[in-house]
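In case you want the letters, here they are:
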Amino acid sequence: MTSVAHPRSSAELIGAEEPVLAHNYHPLPVVVARAEGTWVEDVEGRRYLDMLAGYSALNFGHRHPALIEAAHRQLDRLTLTSRAFHNDRLAEFAERLAALIGLDMVLPMNTGAEAVESAVKVARKWAYDVKGVPDGRATIVVAADNFHGRTTTIVSFSTDDVARTGFGPFTPGFRIVPYNDLAAMEAAIDETTAAVLIEPIQGEAGVNIPDDGYLAGVRELTRRAGCLFVADEIQSGLGRTGRTLAVEHESVVPDVVLLGKALGGGIVPVSAVVARREVLQVLHPGEHGSTFGGNPLAAAVGTAVLDLLETGEFQRRAAELGVVLRGGLESLVGKGVVRFRARGLWAGVDIDPSLGTGRDISERLMREGILVKDTHGSTIRLAPPLTITADELQGALGTLEKVLAQGA
Ligand SMILES: Cc1ncc(COP(=O)(O)O)c(C=O)c1O
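Residues numbered from 1 in each chain as written. Predicted model: local features only at pLDDT ≥ 70, side-chain atom pairs only at ≥ 80, totals over all residues. Heavy atoms only, no water.

Chemist: Explain the overall build of the protein here, please?
Modeler: Looking only at helices and strands, the protein has 14 helices and 15 strands in total. Expected size for 408 residues packed as a compact globule is a radius of gyration near 22 Å; at 21 Å, the protein falls within 12% of this value. Considering only C-alpha atoms, the protein reaches an extent of 60 × 55 × 45 Å along its principal axes. A total of 408 residues make up the protein; the buried ones form 54% of that total. Carbon and sulfur atoms make up 53% of the accessible area of the protein, which totals about 18000 Å². Both charge centroids of the protein, one from 39 positive and one from 51 negative side chains, sit 1 Å from each other. (Helix = DSSP H or I, 4+ residues; strand = E, 2+ residues; numbered from the N terminus. Rg over C-alpha atoms; globule rule 2.2 N^0.38 Å. Buried < 20%, exposed > 50% of the residue type's maximum accessible area, 1.4 Å probe, protein only. Areas by Shrake-Rupley, 256 points an atom, 1.4 Å probe, with all protein chains shown as cover. Lys, Arg positive; Asp, Glu negative; His and termini not counted. Charge placed at Lys NZ, Arg CZ, Asp CG, Glu CD.)

So, in structure tokens, the structure goes:
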């Protein structure tokens, strides 16, 4: 047996990844070794404020004590049964999740993409079994610039060439309309339409917030047409925007809500399709499933996440600190910020392209101890843990101001 010396420094670890790790990501050159709350530490002991929060998977910060405790307790008891048997954690998780979202039934899955895939299948089956669409003809209306995940079916209805090119043939049955355009959506809906699937705020597109009235309009259109409104709240949901769900800003209740990311507390992948009974009851044994979906560890952590959300504390924090974030960004408009879109503790910030790409800005912020990520072009996304303090947030905005003032 040959033994491999373990490289230690950031540079060595990054170099060691190069030949063995698929190059499907282009991470910032920081190697995180530990984290607590809103702060992460690299292998050399440098500390960074996390202003990305795992793309909203870490809404409650790193290693929230209540979540870690719930995970430890469950690890000591039972971790996996598969759905071949019942486990004693799943019923409470499903009951309380359905109640929090205001819908009836839950289909537990693991990743966000799986929740989206599951919703596509459920919507199609609902169209055939309940709506009476002829078999094989169901369509789903989606929005341009969407991001719903990376599976073959999901990239089939992406408009991002990088995400699609080289991965065909694609799954048919999707109609793509411009986001924030109710007339185009209405024109695309017909008797074959099973569902409209949209993000209430498009995260990967740069925190793209639709006009007031759009979500209520989608609700009205889908109700009139007799098709489902599926809201992908995987990134926008669970407190990020100052409400439990982003659709609540327009008092809208979709037929189906997709959740993921923060539902697993930053510890385990947990996702769910939450829907009206009429919709999810189209599934029967053998028609859909997942070995890990609804496992007791996931359910225990997910239930601890629900404990946090049920108090409303994190939603309130996001709303209150969102005012600080918005105010800080407003003061930077014209000083390197061209424009921004923000709701709660979530912002897409378009930086003056003459100062660099989003990637350049992210690297400069990293060197100043702030971790963010570009979305595309010169846009960066700010999405700190909802546990961030006003001082930490002001500090991050001050650092952004400093980096922008340094010029290109
Ligand atoms: C809105 C939305 N849907 C789905 C996904 C896919 O989630 P996952 O990466 O867990 O598959 C993402 C991930 O960024 C997302 O933002």
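Having seen the structure, we can now continue with the description.
Chemist: Teacher, can you tell me more about the site of the ligand here?
Modeler: The ligand sits among Thr111, Gly112, Ala113, Phe147, His148, Gly149, Glu199, Glu204, Asp232, Ile234, Gln235 and Lys261. Here an oxygen atom of the ligand sits 2.7 Å away from a polar atom, N or O, in the side chain of Gln235. Bound to the protein, the ligand loses 81% of the 390 Å² it would expose on its own. The residue makeup of the shell around the ligand, split by class, is three nonpolar, five polar and four charged. (Near = heavy atom within 4 Å. Polar contact = N/O pair within 3.5 Å; in protein donor to acceptor, adjacent residues only side chain to side chain. Nonpolar A, V, L, I, M, F, W, Y, C, P; charged D, E, K, R; others polar.)

Chemist: Can you walk me through the layout of surface pockets in this structure?
Modeler: Any space left empty among the atoms is revealed by the rolling of a water-sized probe across them. Quantified by volume, the second largest pocket comes out at close to 650 Å³. In terms of lining, the second largest pocket is formed by 29 residues, of which the most central are Arg83, Leu90, Val106, Leu107 and Pro108. Elements that contribute at least two residues to the lining of the second largest pocket include exactly helix H4 (90–101), strand S4 (105–109) and helix H10 (277–280). (1 Å grid on protein atoms, 1.4 Å probe; cavity = no way out; pocket = protein on both sides within 12 Å on 5 of 7 lines; lining within 4 Å. Points joined across faces, edges and corners; volume = space filled by probe spheres on them.)

Chemist: Looking at this model, I keep getting lost on the pairing of strand S15 (residues 379–382). Mind explaining?
Modeler: It is a general feature of regular strands that their side chains alternate between the two faces of the sheet. Alternating residues of S15 divide into Thr379 and Arg381 and Ile380 and Leu382, and every residue in both groups is buried. Pairing between strand S12 (residues 347–351) and S15: four bridges, direction antiparallel. Each bridged residue has a counterpart across the sheet, and for Ala347 the counterpart in S15 is Leu382. Pairing geometry for strand S14 (residues 373–374) and S15, over two bridges, is antiparallel. Across the sheet, the residue bridging to Asp374 is Ile380, located in S15. Two successive antiparallel strands, S14 and S15, enclose a turn made up of four residues, where Gly377 displays a positive phi of approximately 50°. (Pairing = 2+ DSSP bridges.)

Chemist: How should I be thinking about helix H11 (residues 296–310) in this particular structure?
Modeler: Since there are 3.6 residues in each turn of an α-helix, residues three or four apart along the chain are aligned in direction. For H11, which comprises 15 residues, the first-to-last C-alpha distance of 20 Å matches the rise-based estimate of 21 Å (1.5 Å per residue) to within 8%. Within H11, 13 of the 15 residues are buried, which leaves it mostly tucked inside the rest of the structure. Between a side-chain oxygen at the N-terminus of H11 and the backbone nitrogen of Leu297 the separation is 3.1 Å; the capping residue is Asn295. Just past H11, the residue Gly312 takes up positive phi, approximately 80°. (Expected span 1.5 Å × (residues − 1).)

Chemist: How do you make sense of the sheet that holds strand S1 (residues 32–36) when you look at a structure like this?
Modeler: The strands making up a sheet associate through hydrogen bonds between their backbones, and the pairing can be parallel or antiparallel. In spatial order, the strands read S1-S2-S3-S13; together these four strands make up an open sheet with mixed pairing. In this open sheet, the two edge strands, each paired with only one partner strand, are S1 and strand S13 (370–371). Across two bridges, strand S3 (residues 47–50) lies against S13 in parallel orientation. Within the sheet, the bridge partner assigned to Leu49 lies in S13 and is Ile370.

Chemist: In this structure, what is going on with the sheet that holds S14? I would like to understand it.
Modeler: Within the open sheet, the four strands sit side by side as S11-S12-S15-S14. Their pairing is antiparallel. Edge strands, defined here as strands with exactly one partner in the open sheet, are strand S11 (337–342) and S14.

Chemist: What is the right way to read helix H3 (residues 65–75) from this model?
Modeler: Those residues of H3 that sit buried are Leu67, Ile68, Ala70, Ala71 and Gln74. An end-on view of H3 places all buried positions within 160° of arc, on one side of the element. For H3, the exposed residues lying more than 90 degrees away from the buried face are Pro65 and Arg73. On the buried face of H3, the contacting elements are H11. (Arc of directions from axis to C-beta. Contact = heavy atoms within 4.5 Å.)

Chemist: For this particular structure, what's the right way to read unusual backbone geometry?
Modeler: Residues apart from glycine generally show negative phi values, whereas peptide bonds are mostly found in trans. Going from Gly168 to Pro169, the amide bond is cis rather than trans, its omega being 0°. Structurally, the position occupied by Pro169 is in the loop between helix H7 (161–164) and strand S6 (174–177). Its identity as a non-glycine residue notwithstanding, Ser82 has a phi of 70°, on the positive side. Checked against the element boundaries, Ser82 lands in the loop between H3 and H4. Look at Ser82 and you get partly exposed, because its relative accessible area is 21%. One non-glycine residue with positive phi stands out, namely Asp145, at about 65°. Residue position: Asp145 is located in the loop between strand S5 (139–143) and helix H6 (152–156).

Chemist: What's the story with empty space enclosed by the protein in this structure? I'm lost.
Modeler: By the definition in use, this model includes three cavities of 30 Å³ or more. Looking at the largest cavity, its volume works out to about 40 Å³. If you go around the largest cavity, the residues you meet are Met51, Leu365, Ile370, Val372, Leu382, Ala396, Leu397 and Leu400. Per-element tally for the lining of the largest cavity: the top contributor is helix H14 (residues 390–405), with three residues. Partitioning the lining of the largest cavity into residue classes produces eight nonpolar, no polar and no charged.

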